[in-house]
Amino acid sequence: MESRAFRNPYPDYEGPASTQRLFDSAGNLTSDFIQQLQSKISELLQQMENGLIKGDETDCTSYTGWAGIALLYLHLHNIYGDQSFLQKALQYINKSLKCLTGRVVTFLCGDAGPLAIAAVVYHKLQRTQESDTYINQLLQLHQSVVKLNSRLPDEMLYGRMGYLYALSFVNDQFGTEKISLQYMKQICDAVISSGEKLSSRKRVSKSPLMYEWYQEYYVGAAHGLAGIYYFLMQPELGVDQDTAVKLVKPSVDYVCQLKFSSGNYPPCIGESRDNLVHWCHGSPGVIYMLIQAYKIFKEERYLQDAYDCAEVIWHRGLLKKGYGLCHGPAGNAYGFLAMYNLTGDKKYLYRACKFAEWCFDYGKHGCRTPDSPFSLFEGMAGTIYFLADLLQPRKAKFPAFEV
Ligand SMILES: [Zn+2]
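Residues numbered from 1 in each chain as written. Predicted model: local features only at pLDDT ≥ 70, side-chain atom pairs only at ≥ 80, totals over all residues. Heavy atoms only, no water.

Draft legend 1. Quick peek at the overall build of the protein chain. Of regular secondary structure, the protein chain possesses 15 helices and 0 strands. The globule rule puts the C-alpha radius of gyration for 403 residues at 22 Å, and the 20 Å found for the protein chain is close to it. Projected onto its principal axes, the C-alpha positions of the protein chain cover 55 × 50 × 35 Å. Buried positions account for 60% of the 403 residues belonging to the protein chain. Restricting to contacts in the protein chain with at least 6 residues of sequence separation, those with at least 24 account for 67%. For the protein chain, the computed accessible surface area is about 16200 Å², with 47% contributed by carbon and sulfur atoms. For the protein chain, the distance from the average site of its 40 positive side-chain charges to the average site of its 40 negative ones is 3 Å. (Helix = DSSP H or I, 4+ residues; strand = E, 2+ residues; numbered from the N terminus. Rg over C-alpha atoms; globule rule 2.2 N^0.38 Å. Buried < 20%, exposed > 50% of the residue type's maximum accessible area, 1.4 Å probe, protein only. Contact = heavy atoms within 4.5 Å. Areas by Shrake-Rupley, 256 points an atom, 1.4 Å probe, with all protein chains shown as cover. Lys, Arg positive; Asp, Glu negative; His and termini not counted. Charge placed at Lys NZ, Arg CZ, Asp CG, Glu CD.)

Spelled out as structure tokens, the structure:
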């Protein structure tokens, strides 16, 4: 069971004495630790730039392609305020726009990511006309997303929720309702209808909503139920209270009862092997659904399940697959940051810092090299994104997912 992860070599949090080198009693990082983070960020950025020269010229996506690199630089610009990062974001998003898929509509694996990121980058450069053009192009995809009798799935990577995220990203980055919430509500309505339809047709469960991807009922954040319900529980995205209570809550509860005795969750309904601790499959992705359920339904049991997820991540989250976001320690550490931001408990900030220290030794643990070794979701860009987010842990959000 443990063969997919390294044994966690770090002692766990033991009160303020264990964190002195990392942060003070108010959670402010020490100047030493900030220095360490910053120098690692610079070093890895240089390695990434060198590696990207040999990258796949035709991958536009945020997941493994140019838009993901642009998103990293936009993030660095937002944190450091440095214009040169914005110029880099511009350079990479322009590469991405030259090779759009023309087929996939999502933020991570399709055209909505490049278009949304381009709209934001041009907006920040005060090139309003170009920014508006990309927003219009982004909104042109909306019709096909809300159409119900299409084969479009509902999950994050290839489906409706992955398009919804792109719209919410634009509004978040603009700081205004640049895109009317009506557009988002229509997507949530379509996702609800689609989930009700499958639930009644398949009768797989007592869950009033059900979703599939490639004929499997996935559970995790990337392809499955937990990712979809995370969005359906965001009040600002337009799901009304009545629907949330009658349809979403019992569907969330259905996911909750799939929990293994370890506290982890299966990748698919019916899978009995408890071996994946990834953002894409397992507790590091399900934790966001649980936190959101706790926030809106105010029931202690969701928080308890989220605590259990965090334990699983701490013990089994240093993966042998590499250092990335989708299935690696950088992505897994965001679960600790989400728990820190929910509870204020320094244990979780400590654990995120320890996973960052693991990433300081990038490449030295004998991990496998991913197919896209410098990309945002599989590779080095994602690790840099996480280390930069740790500089301001209170604002940290899992990229291309957390709203
Ligand atoms: Zn993954």
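Draft legend 2. Quick look at helix H2 (residues 66-80). Over its 15 residues, H2 extends 21 Å from the first C-alpha to the last, a length consistent with the 21 Å expected when each residue adds 1.5 Å. The buried fraction of H2 is high, at 12 of 15 residues. Of the positions making up H2, those classed as buried are Trp66, Ala67, Gly68, Ile69, Ala70, Leu71, Leu72, Tyr73, Leu74, His75, Leu76 and His77. Check the buried side of H2 and you find it contacts helix H1 (31-52), helix H3 (83-97), helix H4 (112-124), helix H7 (160-174) and helix H15 (380-390). Gly81 occupies a position one or two residues after H2 and carries a positive phi of about 70 degrees. (Expected span 1.5 Å × (residues − 1).)

Draft legend 3. Region of the structure containing the UniProt feature "binding site: Zn(2+)" (unreviewed entry) in the protein chain. Summarizing the sequence annotation, UniProt attributes the feature "binding site: Zn(2+)" (unreviewed entry) to Cys280, Cys326 and His327 in the numbering used throughout. These annotated residues cover 48 residues of sequence, but their C-alpha atoms sit close together, with the largest distance between any two at 6.6 Å. By secondary structure assignment, the location of Cys326 is in the loop between helix H12 (300-316) and helix H13 (329-343). Cys326 sits in the buried class, given a relative accessible area of 2%. Ignoring sequence-local partners within four residues, the contact set of Cys326 consists of Tyr63, His278, Trp279, Cys280 and Phe377. Apart from the residues lying within four places of it in its own chain, the contact partners of His327 are Tyr63, His278, Cys280, Leu319, Lys321 and Glu378. (UniProt positions renumbered as here; feature names shortened; annotations may be inferred.)

Draft legend 4. Molecular detail of the side chain of His77. Here His77 lies in helix H2. Setting aside residues up to four positions removed in sequence, His77 forms contacts with Asp82, Gln83, Phe85, Leu86 and Lys124.

Draft legend 5. Expanded view of the coordination of the zinc ion. Taken together, the protein ligands of the zinc ion are Cys280 (SG), Cys326 (SG) and His327 (ND1), with distances of 1.9 to 2.2 Å. Taken in chain order, the donor set of the zinc ion reads C-x45-C-H. Residue Cys280 is found in the loop between helix H10 (241-256) and helix H11 (283-297), and its partner His327 is found in the loop between H12 and H13; the two are separated by 47 residues along the sequence. The exposure classification of Cys280 matches that of His327, with both residues buried. (Donors = N, O, S within 2.8 Å, 3.2 Å for Na, K, Ca; no water.)

Draft legend 6. View of the pattern of salt bridges. All told, the structure shown has 22 salt bridges when counted by the stated rule. Note that Arg160 is salt-bridged to Asp154, the shortest N-O span being 2.7 Å. For Arg160, a relative accessible area of 1% corresponds to the buried category. Where Lys249 meets Glu299, a salt bridge forms, and the shortest distance between an N and an O atom there is 3.0 Å. Here Lys249 is found in helix H10, whereas its partner Glu299 is found in the loop between H11 and H12, with 50 residues between them in sequence. (Salt bridge = Lys/Arg side-chain N within 4 Å of Asp/Glu carboxyl O.)

Draft legend 7. Geometry of the environment of Lys197. With respect to the helices, strands and loops of the structure, Lys197 is situated in helix H8 (residues 181-202). On a C-alpha basis, the gap between Lys197 and Ala333 in space is 36 Å, while along the polypeptide they are 136 residues apart.

Draft legend 8. Fine view of the packing of aromatic side chains. Counted according to the given criterion, the structure contains 35 aromatic pairs. Taking 6.1 Å as the distance between ring centres and 45 degrees as the angle between the ring planes, the aromatic pair formed by Phe33 and Phe360 counts as tilted. Of the two residues, Phe33 sits in helix H1 while Phe360 sits in helix H14 (residues 346-360), which places them 327 residues apart along the sequence. In this structure Phe33 comes out as buried when scored by relative accessible area, which is 0%. The ring of Phe6 has Lys320 sitting right over it, with the charged end atom 5.6 Å from the ring centre. (Phe/Tyr/Trp six-rings, centres within 6.5 Å; stacked < 30°, edge-to-face > 60°. Lys NZ or Arg CZ within 6 Å of the ring centre and 35° of its normal.)

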